[in-house]
Amino acid sequence: MPARLLQRQISLLEYLTSADAIFGEGIDAPPVPHLQGFDLAPLRLEACFSHEKRMEKIIAAFPRTFELLGDDQATVVRDFVAACPSVDIRRIENARQFHDFACARWETTPPQPPYLRDVAACELAMATLRIKGKVRSSQPVAAGHAMRFRRNREAVFLPCAYDIRPIFEGGASEAPQLRDVMLAILIPPGNDQPAIFEVPASVYGLLVELDTWTDRAAWGPMEGLDELISELAEHGLLEVSR
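Thresholds, definitions, all that
- Residues numbered from 1 in each chain as written.
- Predicted model: local features only at pLDDT ≥ 70, side-chain atom pairs only at ≥ 80, totals over all residues.
- Heavy atoms only, no water.
- Helix = DSSP H or I, 4+ residues; strand = E, 2+ residues; numbered from the N terminus.
- Buried < 20%, exposed > 50% of the residue type's maximum accessible area, 1.4 Å probe, protein only.
- Contact = heavy atoms within 4.5 Å.
- Areas by Shrake-Rupley, 256 points an atom, 1.4 Å probe, with all protein chains shown as cover.
- Arc of directions from axis to C-beta.
- Pairing = 2+ DSSP bridges.
- Axes fitted to C-alpha atoms, helices over the stretch in contact; angles between N-to-C directions.
- Core = buried A, V, L, I, M, F, W, Y, C linked by side-chain atoms within 4.5 Å.
- Parallel < 35°, antiparallel > 145°, perpendicular 65-115°, else oblique.
- Nonpolar A, V, L, I, M, F, W, Y, C, P; charged D, E, K, R; others polar.

Trainee: Any chance you could explain the overall build of the protein chain here in plain terms?
Mentor: The number of helices and strands found in the protein chain is 10 helices and 6 strands. Taken across its 242 residues, the protein chain has 39% of its residues classed as buried. Once local pairs closer than 6 in sequence are excluded, the contacts in the protein chain between residues at least 24 apart make up 67%. About 13,600 Å² of surface is accessible on the protein chain, with carbon and sulfur atoms providing 55% of the total.

Trainee: I'm lost on helix α5 (residues 73–83) in this one. Help?
Mentor: An α-helix turns once every 3.6 residues. As a result, residues three or four positions apart point the same way. The set of residues buried in α5 consists of Val76, Val77, Phe80 and Val81. Buried residues of α5 fall within an arc of 130° about the axis and therefore sit on the same side. Exposed positions of α5 whose direction lies more than 90 degrees from the buried face are Ala74, Ala82 and Ala83.

Trainee: What should I look at first to understand the sheet that holds strand β1 (residues 148–151) in this one?
Mentor: Each strand in a sheet pairs with its neighbour through backbone hydrogen bonds, running either in the same direction (parallel) or in the opposite one (antiparallel). Taking strand neighbours across the sheet as the criterion, the 3 strands line up as β5-β1-β6 in an open arrangement whose pairing is antiparallel. This sheet does not close on itself; its edge strands, each paired only once, are β5 (214–215) and β6 (238–241). Where β1 and β5 come together, 2 bridges link them in antiparallel fashion. Across the sheet, the residue bridging to Phe149 is Thr214, located in β5. Here helix α10 (residues 225–234) sits on the sheet in contact with β1 and β6, set at roughly 115° to β6.

Trainee: Explanation requested: unusual backbone geometry in the structure shown.
Mentor: Where the residue is not glycine, phi is negative for most of them; where a peptide bond is considered, it is trans in most cases. Cis geometry marks the peptide bond from Gln112 to Pro113, where omega comes out at 0°. One can find Pro113 in the loop between α6 (91–108) and α7 (116–132).

Trainee: Got a minute to help me understand the pairing of β1 in this structure?
Mentor: Successive residues of a regular strand alternate their side chains across the two faces of the sheet. When β1 meets β6, the two strands line up antiparallel, connected through 4 bridges. Bridging across to β6, Arg148 finds its partner in Ser241.

Trainee: I'm lost on the nonpolar core in this one. Help?
Mentor: Across soluble globular proteins, you tend to see nonpolar side chains buried next to one another. Core analysis: the largest hydrophobic core is formed by 24 residues, its most contacted members being Ile58, Phe62, Phe66, Phe80 and Phe98. Examining the composition of this core, we find that 6 residues originate from one element, α6, more than from any other. Not counting residues up to four positions away in its chain, the partners in contact with Phe62 are Ala95, Phe98, His99, Ala120, Glu123 and Leu124.

Trainee: When you look at the packing of α5 against α6 in this model, what are you seeing that I'm missing?
Mentor: Each pair of packed helices can be summarised by the angle the axes make with each other and by the distance between the axes. For the pair α5 and α6, the least separation of the axes is 11 Å and the interaxial angle reads 110°. As summarised for this structure, α5 and α6 are arranged roughly perpendicular, according to the angle between their axes. Where α5 abuts α6, its residues Thr75, Val76, Asp79, Phe80 and Ala83 lie against Gln97, Phe98, Phe101 and Arg105. Here the contact of α5 with α6 is composed, by residue class, of 5 nonpolar, 2 polar and 2 charged.

Everything listed here is a matter of coordinates, which is why it stays silent on function.
If you want it as structure tokens, here you go:
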């Protein structure tokens, strides 16, 4: 009896997260024997309600991505539900699940518009930072002082094929420019919302390598280095320790 009850509970949960229940497919009969005797109408109502709450969380994390999906939005959502049943109520986990699904989809069906992949990656990074909710205070660096520094480990460094920043800066009237651009996404010191910075390729490479604390003295008298460290720390890209 306990095994049968457990199987019935599992079948019920699987049905409530299925495309059959959410989109009204297979309405004439219960989809599996373990649901024989259930009134499917209230189950479908519950399934649709849960689906709407889930999609609200996902769309809140990817507002620009869903806007850019346009007429494909309904098809993408339907395919997402069929491929990725809900397994977690947390907002960020649902966002990651959708992002993984979309990236896998775009491997075989290139996204339209083509910069959609970069936009989705940027929005996932911003959603992750909002969940962490860390606000860093400015740490100005005085040239010539002994110090250690490393990359801000909360920052997300994202190489993109398109310059998508205008999409996040009040909307873009034209399609993003096709060019390799290195972006850093982080919560700047004194702020509580993520910001997007373009980082020169040489500085981007340096930041990515600075995963552990590095002594300033080990770099020697390099011209302009102290000023660069100060600027990067003031923007929150570097953590510094005296």
